[in-house]
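# Observations on the model geometry
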Amino acid sequence: VLLQTTLLDVFAKTGDLNNACYVFDEMGMRDIASWNALIAGLAQGSRPSDALELFKNMKVEGLKANDVTVLGALSACSQLGAIKEGESVYNYIRDERLDDNVIVCNAVIDMYAKCGLVEKAYWVFDNMSCRKSLVTWNTMIMAFAMYGDGVKAIELFKQMAQAGAVPDNVSYLAALCACNHAGMVDEGVRLFESMAVCGVSRNVKHYGSVVDLLGRAGRLEEAYKIINSMPMVPD
RNA sequence: UGGCACUAGAAACC
């Protein structure tokens, strides 16, 4: 079972979903990890609706979804924007007390955000019983940045430092993105500069973000300077 | 003492 699940997972991770399904179908014995590997693979691949179907089938077969299982199911809901399904997964999570796991909470926040319900995402963020991780903060900042309110995203970014979390390059990207959406040019430039000061590595996305920000503000010379200062190949 | 796990922008192009 271990070897077959490993094989299944390799297929799933490389996006070869047909072979992943084939291995799954041909397995004599399957345990929870076999199901999880396929559900997650389908969810992150091109077949999130099949992932949800498999998730439902699991119950029919009398298997109990665990924390890893619901992550796959939530990921599928996020991709599909399937809020109804997402809420029912969340209900299950609460019934089974799986929400004492930060990773599960993070996935719920992300699911709500991707389904466009930023307020609910924030409610979960605010009321979660477990300790917030860096990913928790990043997910919520990104949610505000993309689907909601740039100002709130920046507020949260500042708040995370007060809470003792150290922003990484994803946090900065999320905050920069918030500036792009909200047109907060100076704030964005400040953030971009503080990355260097704080020793957070920049990648091409960070550069792209400020360049876009400056470009839209008509500050083309500055944008051009930044492009020329890039230590990597611009895309 | 093994296998499955959460977050990554915009524009342009198609």
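That block above? That's the structure.
Rules of the game
Residues numbered from 1 in each chain as written. Chains lettered and ligands numbered in written order. Predicted model: local features only at pLDDT ≥ 70, side-chain atom pairs only at ≥ 80, totals over all residues. Heavy atoms only, no water. Near = heavy atom within 4 Å. Polar contact = N/O pair within 3.5 Å; in protein donor to acceptor, adjacent residues only side chain to side chain. Helix = DSSP H or I, 4+ residues; strand = E, 2+ residues; numbered from the N terminus. Nonpolar A, V, L, I, M, F, W, Y, C, P; charged D, E, K, R; others polar. Core = buried A, V, L, I, M, F, W, Y, C linked by side-chain atoms within 4.5 Å. Buried < 20%, exposed > 50% of the residue type's maximum accessible area, 1.4 Å probe, protein only. Contact = heavy atoms within 4.5 Å. Salt bridge = Lys/Arg side-chain N within 4 Å of Asp/Glu carboxyl O. Phe/Tyr/Trp six-rings, centres within 6.5 Å; stacked < 30°, edge-to-face > 60°. Lys NZ or Arg CZ within 6 Å of the ring centre and 35° of its normal.

## Regarding the protein's contact with RNA strand B
Neighbouring RNA strand B are 35 residues; Leu-2, Asp-31, Asn-36, Gln-44 and Asn-106 lie closest to it. Expressed as a percentage, the sugar and phosphate content of the atoms of RNA strand B within 4 Å of the protein is 49%. Taking Lys-13, its side chain carries an N or O atom lying 2.9 Å from a phosphate oxygen of RNA strand B. One nitrogen or oxygen atom from the side chain of Asn-36 is found 2.5 Å from a base oxygen belonging to RNA strand B. Within the residue set of the surface near RNA strand B, elements represented by two or more residues are α1 (2-13), α3 (32-44), α5 (67-80), α7 (102-114), α9 (134-147), α11 (169-182) and α13 (204-216). Residue composition of the surface near RNA strand B, grouped by class: 14 nonpolar, 13 polar and 8 charged.

## Digging into the nonpolar core
Among the nonpolar cores identified, the biggest contains 79 residues, and Leu-8, Leu-38, Val-89, Ile-93, Val-108, Met-140 and Leu-191 are the most heavily contacted of them. Considering each element in turn, this core owes the most residues, 8 residues, to α7. Once you skip the residues sitting within four places of it in the chain, Met-140 turns out to touch Ile-109, Val-118, Ala-121, Tyr-122, Phe-125 and Leu-156.

## Topic: the pattern of salt bridges
The final tally for this structure, using the stated rule, is 11 salt bridges. With a shortest N-O distance of 3.2 Å, Lys-56 and Glu-85 are connected by a salt bridge. Placement of the pair is Lys-56 in helix α4 (residues 48-60) and Glu-85 in helix α6 (residues 83-95), with a sequence separation of 29 residues. Residue Lys-56 is classed as partly exposed on the basis of its relative accessible area, which comes to 41%.

## Notes on the packing of aromatic side chains
Evaluation of the coordinates by the stated rule reveals 7 aromatic pairs. Where Tyr-122 meets Phe-125, the ring centres are 5.6 Å apart and the plane angle is 25°; that geometry is what we call stacked. Here Phe-125 and Tyr-122 lie together in helix α8 (residues 118-127), a separation of 3 residues that amounts to about one turn. With relative accessibility at 2%, the residue Phe-125 sits in the buried group. Joined through ring pairs, the aromatic side chains of Tyr-122, Phe-125, Trp-137 and Phe-144 make up one cluster. Positioned above the aromatic ring of Phe-24, the side-chain terminus of Arg-30 is 4.1 Å from the ring centre. A cation over an aromatic ring shows up here: Lys-132 above the ring of Phe-125, its NZ or CZ 4.8 Å from the ring centre.

## Describing the environment of Met-142
With respect to the helices, strands and loops of the structure, Met-142 is situated in helix α9. When the C-alpha atoms of Met-142 and Cys-177 are compared, they prove to be 7.8 Å apart, with 35 residues separating the residues in sequence.

None of the figures reported here should be taken as evidence of function without further support.
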